[in-house]
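So the chains spell out like this:
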Amino acid sequence: MDDVLTAAAAPPVGLSCGPLGAVQAADREIGRQTAVRARAVAEFAASRPASVDRPQGSPGAMSAERWAGRADVLRPVSEWATQELVVALSVSSGAAEVLLERSLTLVHRLPGTLTALEDGVLHAGHLGPLLDHVAPIADDALRAAVERDLLTWAAGRVTTPAQLRDKARREVLKRAARSAADDLARAVRQRGVSVRPDRVEGMSVVSALFTTPEAAALMAALGAYADALPEDGRTRGQKMADCLLDLVLRPTESALPPVQVTLDVVAPIGALLGGDQPCEIDGQVVPAEMVRTLLAALTGHPLVTTTDTAQHDTTPADSTPADSTPADGTPADPAPADTTPAGTATAAGPALSEDEDFALWAEQLEDRILAGDFDAEPPPDAPDEDHPPPVIDSPAAPDPTVPDGWWARADAAVDDASAAVLTAQQALGHAPRLVATARRADTTDETTWATGPAGRVTAAPDTLTQLHAATGRARDTLAGLLGATAGGGLADRPRLLLTDALTGALLALTDLPALHRADRAGTGLTPPGPSGGYRPGAALDRHVRARDRRCRFPGCRRPVPKQGELDHTTPWPTGQTDAANLTGYCTGHHRGKHQAPGWRHHMTPDGTLTVTTPTGLTAATTPPPY
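Rules of the game
Residues numbered from 1 in each chain as written. Predicted model: local features only at pLDDT ≥ 70, side-chain atom pairs only at ≥ 80, totals over all residues. Heavy atoms only, no water. Pairing = 2+ DSSP bridges. Helix = DSSP H or I, 4+ residues; strand = E, 2+ residues; numbered from the N terminus. Axes fitted to C-alpha atoms, helices over the stretch in contact; angles between N-to-C directions. Salt bridge = Lys/Arg side-chain N within 4 Å of Asp/Glu carboxyl O. Buried < 20%, exposed > 50% of the residue type's maximum accessible area, 1.4 Å probe, protein only.

*Asks:* Please clarify how the sheet that holds strand β12 (residues 618-621) should be interpreted in this entry.
*Replies:* Taken in spatial order, the 3 strands of this open sheet run β10-β11-β12, and their pairing is antiparallel. The open sheet terminates on both sides in strands that have one partner only, identified here as β10 (600-603) and β12. Taken over all neighbouring pairs, the strand axes of this sheet differ in orientation by 20° on average, direction set aside. With 4 bridges connecting them, strand β11 (residues 609-612) and β12 associate as antiparallel partners. Across the sheet, the residue bridging to threonine 610 is alanine 620, located in β12.

*Asks:* Is there a simple way to think about the pattern of salt bridges in this case?
*Replies:* When the charged atoms of two side chains lie near each other, side chains of opposite charge can form a pair. Overall, the coordinates contain 26 salt bridges when judged by the stated rule. With a shortest N-O distance of 2.5 Å, arginine 170 and glutamate 280 are connected by a salt bridge. Of this pair, arginine 170 sits in helix α9 (residues 161-175) while glutamate 280 sits in strand β4 (residues 279-281), placing them 110 residues apart in sequence. What makes glutamate 280 buried here is its relative accessible area of 7%. For aspartate 232, the salt bridge is made with arginine 234, and the minimal N-O distance between the two is 2.9 Å. Residue aspartate 232 is classed as partly exposed on the basis of its relative accessible area of 43%.

*Asks:* What exactly am I supposed to notice about the pairing of strand β2 (residues 204-209) here?
*Replies:* The two faces of a sheet get side chains in turn, since along a regular strand they alternate between them. Of the pairings in the sheet, the one linking strand β1 (residues 192-197) to β2 comprises 6 bridges and is antiparallel in character. Of the residues in β2, the one forming a bridge with serine 194 is serine 207. Linking β1 back to β2 in an antiparallel pair, the connection comprises 6 residues, with glycine 202 at a positive phi of about 95°.

Here it is in structure tokens:
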């Protein structure tokens, strides 16, 4: 980490002159002071240990629900530290607890990020992506490696928080795909619609949580509906909002015609073969399982899932099925005869192992605790008299084994409490064994997955190795998908992207028939040649859009519009209409390239775009790697 931070201990651009330089200096000082505050809050938290609080379960202690919902980094800190921050900083309790949690997380789980913030490499806005996606990684070594790689990637380039978040999601999904898939499964169960008041009285904001394909399809459909309406003074966003209301509230009265939407899906070959490589839907990172499910639903090709790959071809090719008959042909020894005396009950299932028996015991104990078997009766309100409280007659018959009287009942209550404490102590003693059993089961499951087809495909370093590691069924299904033509759920023929193995840069864009033709002819795959006119041909247009995908202006993540916005870096006809002279922009930055005074744009043949501001600051971007 130190080597990385030493090399990257400089902001991505230098200080400008005049007021803009003052803005930059102030922003870097805000970042430095944010780091200073985080270290100070962590030091303050260390001086307020949780040992001074009442222990869990004692009268007046924090409720079990609140304790269970507390972040792990806050467990060693007194619950009253939050109240001190409220008074000191004039903030709400919620804001104080968030500050406490973020500060402790930065200091103890993201030390490299904190140093980069102090050095001006990052600003305060960059903390969110790292806290949300990197800090939760449980494995210390993996978390440090992801943090180091992200800081190295961000060094020396203009990186917005949105770009850093996208990169962090890709790295985490690439290295912890299975836990990310579990997170997605939980998030799907939380989907829904909510409403909250807007800042302006009389307006409200409706929010909906969908899966990424559903959200992309919904936005594309609303955009298509809006684009089909005549110009009437409303903006595109206003038209989309009105179309949504018409479709939901007045479905029978709406005269809106049906529309067709398209989603751009980018998936590595390994992901289509059952691996866990990250994929994209309309530029958003998604798990491979989501893309396989979407393509299977839209195209009818049942792509192999992670579960399928674990159930097929798990036996090595050179192994043979186990046989109960010995090699000499004699039958195996018969099972021993049943010698159990008549009338004796026997277990129907196999004998439980020690771990299974303990797990069953723990489950039964939990059921008893939840049922209240060990709950002590609430203590009676202590009266002011100096004698025991009066006996309240109960309609139930008295227990003849317990003598009457207040002291006898007190002795019985103490005995019951002692038994409950003993049971709890036994449960606590068994808890470490239960945790160890769960860890062994998780390790076994991970090992089984890693040695199966899905794990081998995920670990394969290149496409050829992935194809070799995949099952025959997965390869056949992939061939059927790549050989499909437009129709059904496909808006166009599936394309193949040939990328550089080291940099991920796009080298060529083709399809399966063209790949077969190139193989038969013995020619290589290259980018399309120049077009003769101002507008690029279809193949060149597809290549440039696949290469750039998003606006190439530094810090912009807007998608390149599907129609237009491919700009000639050197104006045509002086510059050719070819891949080395075409750049994808969003509409706003395309306008700025031609209209903003004092700006300069220069692109090299490898696609590196350098933008120079009127004050002389420069920033360079390269096509996003696959």
